[in-house]
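Survey of secondary and tertiary structure
Listed here are the chains, written in short residue letters.
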Amino acid sequence: MLDRIKDDGAPTILAIDDVQKFYQASNGAVEALRGVNLTVRKGDFICLLGASGCGKSTLLRIVAGFEQATRGAVTMYGFPVDKPGPDRGMVFQDYALFPWLTVRENIGFGPKHRGVASKVVAETTDKFMAMVGLTAFADRYPHQLSGGMKQRVAIARVLSNDTDILLMDEPFGALDALTRSKLQEELVEIWRSTKLTVIFVTHSVEEAVMLADRVIVMSAGPGRIDCEIAIDLPRPRDVASPEFNALRRDITQKLTSHIGSSRGAAAVS
């Protein structure tokens, strides 16, 4: 059996302190997030879990630096997060690849444009292409790839940029069940081998229990953290085991207990 890669003494690398977010709508201000506090340690695999409208993707975009909190602060290594940076790499559901670049060129794009030496860019690209199993497809373009392959390219592109935190916004949501299961397994192996920190947004309880060592359940109206659940199951995890299903039932109960009260909330996904 595989164990978790970190211990409880891992250092804090990201802190979310009392974050609140308002959007302006036609009928006035909409509060998307209220009083969100979260500490992320090095090597954590965290899933932000919640129904549509709970603000989990909004929170991820604030961590990425794509949006700013209305109040509160996000800090990384003690420094304010106020813009995107290579220390936080984002993987989206729609892949966001450059269609005019090959697999090799997409993966090497970040280090190349940071001025890294060509030899190092090539070595880095080869390393992460091999890690995601795409060496044989190095010269193909995104339109020549399956959905699962495109998402592997997106993950490798972030990894090649020497990121510290991998931010993933429902990255497997558009994939078929078999491909999704395979990529979940591959992601866990990448996490273990690179010792990256991962914050993964999902609305799937099973996916959260399969992947995370900490599940953050969010509720809406406005978005806030309802509870945090430690997942202490050994890896690889068996979805048919009694322990897995007990956790899935417990988290599902917590998640559904507040859905009724959030139905009237504005949708901020």
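See the structure above.
Source: prediction; values computed, not measured.

The next thing to look at is helix α3 (residues 118-131). If you check α3, its first and last C-alpha atoms are 20 Å apart, about what 14 residues at 1.5 Å a residue would give, namely 20 Å. Those residues of α3 not exposed but buried are Val121, Thr124, Thr125, Phe128 and Met129. One face of α3 carries all of its buried residues, which in axial projection span an arc of 130°. Exposed and oriented more than 90 degrees from the buried face of α3 are Lys119 and Lys127. Buried-residue contacts for α3 involve α2 (103-113) and α4 (147-160). Phi turns positive, to about 75°, at Gly133, one or two residues after α3.

This part takes up the sheet that holds strand β5 (residues 79-80). One key point about sheets: their strands pair by backbone hydrogen bonds, in either a parallel or an antiparallel sense. Across the sheet, 4 strands lie side by side as β2-β1-β4-β5; this open sheet has antiparallel pairing. Among the strands making up the open sheet, the edge pair consists of β2 (28-41) and β5. With 5 bridges connecting them, strand β1 (residues 12-25) and strand β4 (residues 71-76) associate as antiparallel partners. Within β4, the residue paired with Ile16 across the bridge is Val74.

The next subject is the packing of α4 against helix α5 (residues 177-194). Here α4 crosses α5 at 20°, and the two axes come no closer than 11 Å. In this view, α4 runs roughly parallel relative to α5, as classed from their interaxial angle. Relative to α5, α4 is oriented so that their crossing is right-handed. Contact residues: α4 offers Gly148, Gln151, Arg152, Ile155 and Leu159, while α5 offers Thr179, Lys182, Leu183, Glu186 and Ile190.

The buried fraction of strand β9 (residues 214-219) amounts to 6 of the 6 residues, a majority that puts the element mostly inside the structure. Across 4 bridges, strand β3 (residues 45-49) lies against β9 in parallel orientation. Residue Leu48 lies in a different strand from β9, and its bridge partner there is Ile216. Examined bridge by bridge, β9 and strand β10 (residues 224-230) share 6 bridges and lie antiparallel to one another. Its bridge partner lying in β10, Ser219 is registered against Arg224. Here β9 hands over to β10 after 4 residues, with Gly221 in that stretch at a positive phi of 80°.

Rules used in this analysis
- Residues numbered from 1 in each chain as written.
- Predicted model: local features only at pLDDT ≥ 70, side-chain atom pairs only at ≥ 80, totals over all residues.
- Heavy atoms only, no water.
- Helix = DSSP H or I, 4+ residues; strand = E, 2+ residues; numbered from the N terminus.
- Expected span 1.5 Å × (residues − 1).
- Buried < 20%, exposed > 50% of the residue type's maximum accessible area, 1.4 Å probe, protein only.
- Arc of directions from axis to C-beta.
- Contact = heavy atoms within 4.5 Å.
- Pairing = 2+ DSSP bridges.
- Axes fitted to C-alpha atoms, helices over the stretch in contact; angles between N-to-C directions.
- Parallel < 35°, antiparallel > 145°, perpendicular 65-115°, else oblique.
- Left-handed = near helix turned anticlockwise from the far one by under 90°.

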